[in-house]
Amino acid sequence: MTTSLGLCHQSHPLLGHLVVDHAHDGRVGVLRAIAPDLTDNRYRLVVMNPDAPPVAWLAPEGGGLEWTTSPDAIEAAR
């Protein structure tokens with residue numbers, strides 16, 4: 001069960017941990033957030049919960065450009 005963390009973000013037991021992204025050939029990254037992707041919002045202003053499904057936001061362990069994937073495609077890295 002997830003709970004709201006505010007600003008459209010949801011809780012997840014793997015937040016801040018290394019995960020494997022099976023939708024991107026096993027790429028490994030740090031789970032930074034579970035939140036909607038609002039790239040189609042040209043004003044970058046959110047005044048209500050968007051009608052968009054949440055995605056997992058991942059960042060490379062050593063830093064770099066984040067990417068998104070389905071929350072169902074990730075699992076804890078071993």
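Structural data are supplied above this passage.
What counts and what doesn't
Residues numbered from 1 in each chain as written. Predicted model: local features only at pLDDT ≥ 70, side-chain atom pairs only at ≥ 80, totals over all residues. Heavy atoms only, no water. Helix = DSSP H or I, 4+ residues; strand = E, 2+ residues; numbered from the N terminus. Buried < 20%, exposed > 50% of the residue type's maximum accessible area, 1.4 Å probe, protein only. Contact = heavy atoms within 4.5 Å. Areas by Shrake-Rupley, 256 points an atom, 1.4 Å probe, with all protein chains shown as cover. Pairing = 2+ DSSP bridges. Axes fitted to C-alpha atoms, helices over the stretch in contact; angles between N-to-C directions. Core = buried A, V, L, I, M, F, W, Y, C linked by side-chain atoms within 4.5 Å.

Caption draft 1: Structural view of the overall build of the protein. Within the protein, the regular secondary structure consists of zero helices and seven strands. Beginning at the N terminus, the succession of helices and strands in the protein can be written as β-β-β-β-β-β-β. Across the 78 residues of the protein, 29% fall into the buried class. Long-range pairs, those at least 24 residues apart, make up 47% of the contacts in the protein with a sequence separation of at least 6. Just so you have it, the protein exposes about 5600 Å², and 54% of that area is on carbon and sulfur atoms.

Caption draft 2: The arrangement of the environment of P36 in detail. One can find P36 in strand β4 (residues 27-36). In this structure P36 comes out as buried when scored by relative accessible area, which is 13%. Put simply, P36 and A56 are 20 residues apart on the chain and 8.4 Å apart in space, counted from C-alpha to C-alpha.

Caption draft 3: Structural view of the sheet that holds strand β7 (residues 74-76). Strand order in the open sheet formed by five strands is β6-β5-β4-β3-β7, with antiparallel pairing between adjacent strands. The sheet terminates laterally at β6 (67-69) and β7, the two strands that pair on one side only. Each strand axis lies, on average, 50° off the axis of its neighbour in the sheet, ignoring direction. Of the pairings in the sheet, the one linking β4 to strand β5 (residues 54-59) comprises six bridges and is antiparallel in character. Note that in β5 the partner of I34 across the bridge is A56.

Caption draft 4: Representation of the nonpolar core within the structure. Judged by nonpolar contacts, L14, V19, L31, I34, A56, L58, W67 and I74 together constitute the single largest core of eight residues. Put simply, the parts of the chain that give this core at least two residues each are β4 and β5.

Caption draft 5: Summary view of the environment of H9. In this fold, H9 is placed in strand β2 (residues 9-10). A residue is classified by how much of its surface remains accessible, and H9, at 32% relative accessible area, is partly exposed. The residues contacting H9, other than those within four sequence positions of it, are T3, S4, A33, I34 and A35.

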